[in-house]
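For reference, the chains in residue letters:
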Amino acid sequence: MQAARPRAVLDGGMARTLRRPHRDDWYIAVCGLLGGVLLWALGIHPRLASDDLILWSAPWAPLVPLALTAACEPLRRIRPRVGLLIGTAALTLDTVTLGSIVTVALYTDLMYAAVLYGTPASARRIPWITGMLTVVGGIVPAALWRDPQGLLIGVGVGVVALAPAATGAVVRNHRDAAESARLRAEQTALLAEMDRAQAVTAERARMARELHDMVANHLSAIAIHSTAALSLDDPKTSQEALAVIRENSVEGLAEMRRLIGILRDSTGDREPAASPTLDGLGALVDNARANGLDVTLDAGHGTVPAPVELAAYRIVQESLTNALKHAAKGRVQVCLRQRDGMLDIRVTSPYRPGDGPRAPGSGSGLTGMRERAALLGGTFEAGPQGTLWAVRATLPLTEGDPA
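The present account deals with the structure reproduced in this document.

The rules behind the values
- Residues numbered from 1 in each chain as written.
- Predicted model: local features only at pLDDT ≥ 70, side-chain atom pairs only at ≥ 80, totals over all residues.
- Heavy atoms only, no water.
- Helix = DSSP H or I, 4+ residues; strand = E, 2+ residues; numbered from the N terminus.
- Buried < 20%, exposed > 50% of the residue type's maximum accessible area, 1.4 Å probe, protein only.
- Contact = heavy atoms within 4.5 Å.
- Areas by Shrake-Rupley, 256 points an atom, 1.4 Å probe, with all protein chains shown as cover.
- Salt bridge = Lys/Arg side-chain N within 4 Å of Asp/Glu carboxyl O.
- Expected span 1.5 Å × (residues − 1).
- Polar contact = N/O pair within 3.5 Å; in protein donor to acceptor, adjacent residues only side chain to side chain.
- Arc of directions from axis to C-beta.
- Pairing = 2+ DSSP bridges.
- Right-handed = clockwise from strand over helix to strand, strands pointing away.

Along its length, the chain carries 10 helices and seven strands. Across the 403 residues of the chain, 36% fall into the buried class. Restricting to contacts in the chain with at least 6 residues of sequence separation, those with at least 24 account for 72%. Roughly 23,700 Å² of accessible area belongs to the chain as shown, and the carbon and sulfur atoms make up 62% of that amount.

Note that side chains of opposite charge can pair when their charged atoms are close. Scanning the model with the defined rule gives 12 salt bridges in all. Here Arg337 makes a salt bridge to Asp298, at a shortest N to O gap of 2.6 Å. In this pair, Arg337 sits in strand 4 (residues 331-339) while Asp298 sits in strand 3 (residues 294-300), placing the two residues 39 residues apart along the sequence. Here Arg337 falls in the partly exposed class, since its relative accessible area comes to 30%. When its relative accessible area of 34% is taken as the criterion, Asp298 is described as partly exposed. Among the ionic pairs, Arg392 bridges to Asp344, the shortest N-O distance being 2.8 Å.

Unusually for a residue other than glycine, Asp340 sits at a positive phi of about 55 degrees. In this fold, Asp340 is placed in the loop between strand 4 and strand 5 (342-350).

Its 17 residues place the ends of helix 4 (residues 101-117) 24 Å apart at the C-alpha level, agreeing with the 24 Å of an ideal helix rising 1.5 Å per residue. In terms of burial, helix 4 is a largely internal element, 12 of the 17 residues being buried. Within helix 4, burial applies to Val102, Thr103, Leu106, Tyr107, Asp109, Leu110, Met111, Ala113, Ala114, Val115, Leu116 and Tyr117. Where helix 4 begins, the capping side chain belongs to Ser100, and its oxygen is found 3.3 Å from the backbone nitrogen of Val102.

Bringing helix 3 (residues 80-94) into the picture now. Counted at 1.5 Å a residue, the expected span for helix 3 with its 15 residues is 21 Å, and the 20 Å between its end C-alpha atoms agrees. Turning to helix 3, its buried residues are Pro80, Gly83, Leu84, Gly87, Ala90, Leu91 and Asp94. The arc that holds every buried residue of helix 3, seen down its axis, measures 125 degrees, which confines them to one face. Structural note: helix 3 exposes Arg81 and Leu85 on the side pointing more than 90 degrees away from its buried face.

Bridge count between strand 3 and strand 4: seven bridges; the pairing is parallel. Note on strand 4: the bridge partner recorded for Ala299 is Leu336. The parallel pair strand 3 and strand 4 is bridged by helix 9 (residues 306-326), and the resulting crossover is left-handed. Counting the residues that bridge the hairpin from strand 4 to strand 5 gives two residues, and of these Asp340 lies at a positive phi of roughly 55 degrees.

Below, the structure written as structure tokens:
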């Protein structure tokens, strides 16, 4: 089994490993320690032994704060605040010795890391604290000593503390902005993928409705007339049934070819087949009569938008198909009325509870009609009303919110 990886915490866009220091931090600590020892061996110090502020004049004294500061470097990512506190104490101790330039340099890195890898609260407060110390460190000594050279203390504090803290804040802000941009890009890609999946699903549902509405009517007629041809021992009736079967087969195949041709054409050069209109209801009713239905059509409507016209045609077509498969003997009535900005569609057929269907069905016809009405913001109802099966749809003639 593989060893467990160190747990990481995302803080301000930066990953902080909680168990092991980063390898680069060890390199910084070792190189800093060796460099400080080399300068100490060469006798290079920022202060002279005669300086009044030197309280610890032992030759090896600068090595103590150097070692403490170098030991804090491995903590710069995993415990940045602890490393900064210990480093501050080491730097304070360094001020009472001959000092080491490397100790100061390592401390500036600890200050930078505390802002960059620390908590958001630390990243906000440290630059303000170092800024205040810079101002106080420059103004107070100059005011007390009455000497402009006292401002140099504030400059030193600004170089050692404020400058690395401000640099860390700038880098952290840039990284946080980059992380936010990356997250926004991922969210945008996710939303685009969701939109694509929804578009594919909607298109598949639309294709399923169109395929069902175009073919179900013809296949239902074929099933019913083939059953009649097989059950009746009458050559004339069988011949008429076969003629109807052939006619519906040819028309169904033609509509299937048109749909498959549109789906296979990826260039977009093929013009789509003309959508059926309400003017074609007469031919639709004639075809239903040829299939054995007693249908009357009462179409009282004016100009209708194309989407509403297609939905109304398909609803009437599917209602006649269901009547062919399920209705008892009797008259089927189709009525269309346009009033108050709505197109009202009503199809009724004889209904007797307990009658079995004359042709098998999947039940998707009612679902398709309901979906067509909902997509236009209309309503749809279907069910028995006494001795009739009634289908009623109301479609708005203007664009509305989808139901």
